[in-house]
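Structural overview for review
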Amino acid sequence: MRNLLSTLLLLMSMGALFAQQGSIQGTVSDQAGNLIPFANISLSGTAKGSTTNKDGFYEITRVNSGTYTLLTTFIGYENEEAAITVAGGETVTVNFILREAPFSLQTVEITGREATSYDNEISFIGTKTATALKDVPQA
């Protein structure tokens, strides 16, 4: 009888714990209204987060009740934050509109050199400068 009562109390308390969890969902788009796929969404102070799918939708499940900061990041856009409160069993919807960042990625310059014959005396391969083949370290 005592084991049955203990088991019953344990099951009831587990149900109460799971009932206190909620979820967060929404979309991420740019200022023109285009949905942004594969943007990162994280719940500050936890290990929980998500990535938007190809349609710009995200969902974070099993979030304990409380107040959090939701952070959205994506390359080429400014980070956005939102303060949210999750109550037990509730689904909170937060849609983000990201602004383009005023900075751009570093440019990449690719240069090539034309070999005039197979009998080269210098190489750019190990040192990235014109170095005599006899001075290039080899394994």
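The paragraphs below set out a description of the structure included in this document. (Residues numbered from 1 in each chain as written. Predicted model: local features only at pLDDT ≥ 70, side-chain atom pairs only at ≥ 80, totals over all residues. Heavy atoms only, no water.)

A few points about the overall build of the protein chain
We count it as follows: A run of DSSP states H or I qualifies as a helix once it reaches four residues; a run of E qualifies as a strand once it reaches two. Both are numbered from the N-terminal end. Residue burial is assigned from relative accessible area. The probe radius is 1.4 Å, only protein chains are included, and a residue is buried under 20% of its type maximum, exposed over 50%, and partly exposed in between. A contact between two residues is defined here by any heavy atoms of the two lying within 4.5 Å. In these tables, accessible area is a Shrake-Rupley quantity obtained with a 1.4 Å probe, and a residue counts as shielded only by the protein chains included in the view.
The helix and strand tally for the protein chain stands at one helix and 10 strands. Going from N to C terminus, the protein chain has its helices and strands arranged as α-β-β-β-β-β-β-β-β-β-β. When the 139 residues of the protein chain are sorted by exposure, 24% land in the buried category. The contacts in the protein chain between residues at least 6 apart in sequence include a share of 50% that link residues at least 24 apart. As presented, the protein chain carries roughly 10,500 Å² of accessible surface, and 55% of it is formed by carbon and sulfur atoms.

Notes on the pairing of strand β1 (residues 21-30)
Rule in force here: Whether two strands pair comes down to DSSP finding at least two bridges between them.
Burial within β1 is extensive, with seven of its 10 residues counted as buried. Note: β1 against strand β4 (residues 57-64), six bridges, orientation antiparallel. The residue of β4 that forms the bridge with G26 is Y58. For β1 and strand β7 (residues 91-93), the ladder comprises three bridges, and the chain directions are parallel. Following the sheet pairing, I24 is matched in β7 by V92. In this sheet, strand β8 (residues 96-98) lies alongside β1 in parallel orientation, the contact comprising three bridges. Residue pairing in the sheet places V28 in a bridge with F96 of β8.

A closer look at the nonpolar core
In plain terms, the rule: Remark: nonpolar core denotes a set of buried residues (Ala, Val, Leu, Ile, Met, Phe, Trp, Tyr, Cys) joined through side-chain atoms within 4.5 Å.
Within the largest apolar cluster, 19 residues are counted, with the highest numbers of intra-cluster contacts made by I24, V28, Y58, L70 and V94. Those residues in contact with I24 that sit more than four places away from it in its chain are L43, Y58, E59, I60, V63, L70, I84, V86, V92 and V94.

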